[in-house]
Amino acid sequence: MRLTRYFLPVLKENPAEAQIVSHRYMLRAGMIKQQAAGIYSWLPLGFKVLKRIEQIVHEEQIRAGHIPLLMPTLQPADLWRESGRYDDYGQEMLRIKDRHDRDMLYGPTNEEMITDIFRSHVSSYKELPLTLYHIQWKFRDEVRPRFGVMRGREFLMKDGYNFDVDREAALHAYNRHMVSYLRTYERMGLTAIPMRAASGPIGGDNTHEFLVLASTGESEVFYDDAVTGLKLGNREVDYDDRAQVKAICDEFTTLYARTDETHDEALFDAVPEARRKVGRGIEVGQIFYFGTKYSESMGATVVTADGSRVPVEMGSHGIGVSRLLGAIIEASHDDKGIIWPEGVTPFHAGIVNLKQGDAATDAACEAIYAALKAKGLDPLYDDRDERAGAKFATMDLIGLPWRVTVGPRGLANGKVELTSRRTGISEEMTAETAVDRIAQIYEGV
RNA sequence: CGGAGCGUAGCGCAGCCUGGUAGCGCACCUGCUUCGGGAGCAGGGGGUCGGAGGUUCGAAUCCUCUCGCUCCGACCA
């Protein structure tokens, strides 16, 4: 994309309403525009990152054997009356009446609807296990939205629901989600730690929240510092192998890591003092096994091998897709702007033309731009007639991980500059080498 | 929902207390010079001051109501 043909309304000054760094940078980098309290338009740059994150979530869900579908944003109230949540949910639920005076609601989540789909079409244990998910906009009418997309009222969320014949199978679905989430966050350049969450009425250790450590996080967290070093990496995972999946979950959940909701001083004290950490975290996902709560109230049953009819075992599993943009920025930025991890960056690299209009410099930039595109990459070429400083400032703000700087001075020696946004380190090399290096960097991403 | 505050040009703000029909910086447009970290000079365009009502000869300024937004707290992915 050529910047002169793109829509990137960057702001030089900080908008007054933005309090935290991710909100400020998303506004300044022209990623979002607020339309009402907690409701945002996604401008092209923000939309691109949102779509990249969504794509990673899809890929990892499908890899884990989960099946995508799409449920509507508006739901009939009757389904929620069946589960009892129409009255329980409170004012966070946005209630709407249609022209026929029927009660509708803008979905804050989809347990009822997915259970309705399931009960309409599935009646035998032979069709299980089944895990369905979708990525859809939700609405929760928060009393006090804030922090930009971190706590909006409208938000994009991946929510998945597993249907299993018994508790063991359902717990495997739970574990499968944990592993798929670990991989998802790692691909986004995040360290998200699964922490035991408040267990609710079912009891036991059947819900975990995933937290990204950040000083602006909403939750106080207590953890063994060793958990921050755990990585899934590129290891092969067979999602049908219950023992392997369980072993990975154990590996990631044995060390102490809890939010203030479930914090246990006695257990925490057992962590070696040097590794005992207290911090803050941003919740970017939660997995939950809840058994038959909805299947019983809504009549979602299957016939088992011995001919009996049992309510199906369920769990639900969410990732805050839109919120992840904020979380990633909170975890990856400096005083000049955003620093995108390669996995989610809106453009793979930026090309800065230091002397727009100079025949040699223009030609070199065009060649690099074409070469990167030929490699299947998505570069952003700053071809504006701006001064160098303005171009650098824009690139730093929008946070592309790699920048190719092209100017007459370097070209005189046949060189351009490749700069890492994260380290700030620049290296001189030929244009061809720079293109190859960038292509190489993205090979494994 | 309890407490506090703010709505004046695209953005950031001053003016309001002590009424006299609006100003600064950035951005934008034109020209010249500049050109490796948000350039300089000159010229120019843009707002009727969130909305409604009231007081007054006169309201951005005072009063009432209303809408929106923000912050602290409680709540929350």
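Draft legend 1. The packing of helix α1 (residues 21-28) against helix α10 (residues 321-331), seen in detail. Direction vectors running N to C along α1 and α10 enclose 105°, while the axes themselves pass 8 Å from each other. In this view, α1 runs roughly perpendicular relative to α10, as classed from their interaxial angle. Across the interface between the two elements, V21, S22, Y25 and M26 of α1 pack against L325, G326, I329 and E330 of α10. Of the residues assigned to the contact of α1 with α10, the class counts are five nonpolar, two polar and one charged.

Draft legend 2. Geometry of the pattern of salt bridges. A complete count under the given rule lists 29 salt bridges for this structure. For E82, the salt bridge identified is with R119, shortest N-O distance 2.8 Å. Here the residue E82 occupies a position in helix α3 (residues 77-83), and R119 occupies one in helix α5 (residues 111-121), the gap between them amounting to 37 residues. Look at R119 and you get partly exposed, because its relative accessible area is 25%. Between D250 and K246 there is a salt bridge, with the nearest N and O atoms lying 3.0 Å from each other. Of this pair, D250 and K246 both sit in helix α7 (residues 242-253), four residues apart, which is roughly one turn of the helix. On the basis of relative accessibility, which here comes to 33%, the residue D250 falls in the partly exposed class.

Draft legend 3. Broad picture of the domain arrangement of chain A. With domains assigned, chain A is organised as domain 1 (3-338) and domain 2 (349-443). Between the C-alpha centres of domain 1 and domain 2 there is a distance of 37 Å. Across the contact, 16 residues belong to domain 1 and 13 residues belong to domain 2. Summed over both partners, the interface of domain 1 with domain 2 buries about 1,200 Å², with 57% contributed by carbon and sulfur atoms. On the surface where domain 1 and domain 2 come into contact, there are three salt bridges. Taking the shortest distance from any N to any O, the salt bridge between R52 and D378 comes out at 3.5 Å. Remark: the boundary between domain 1 and domain 2 carries 10 residue pairs in polar contact (both at pLDDT 80 or more). Listing elements by their share of the side of domain 1 that touches domain 2, those giving two or more residues are α1, α2 (44-63) and β18 (337-338). Counting residues per element, the side of domain 1 that touches domain 2 draws most heavily on α2, which supplies three residues. Taken together, the residues of the side of domain 1 that touches domain 2 sort by class into eight nonpolar, three polar and five charged.

Cut-off values and rules
Residues numbered from 1 in each chain as written. Chains lettered and ligands numbered in written order. Predicted model: local features only at pLDDT ≥ 70, side-chain atom pairs only at ≥ 80, totals over all residues. Heavy atoms only, no water. Axes fitted to C-alpha atoms, helices over the stretch in contact; angles between N-to-C directions. Helix = DSSP H or I, 4+ residues; strand = E, 2+ residues; numbered from the N terminus. Parallel < 35°, antiparallel > 145°, perpendicular 65-115°, else oblique. Contact = heavy atoms within 4.5 Å. Nonpolar A, V, L, I, M, F, W, Y, C, P; charged D, E, K, R; others polar. Salt bridge = Lys/Arg side-chain N within 4 Å of Asp/Glu carboxyl O. Buried < 20%, exposed > 50% of the residue type's maximum accessible area, 1.4 Å probe, protein only. Domains from an automatic or database assignment. Buried area = accessible area lost by both parts, 1.4 Å probe. Polar contact = N/O pair within 3.5 Å; in protein donor to acceptor, adjacent residues only side chain to side chain.

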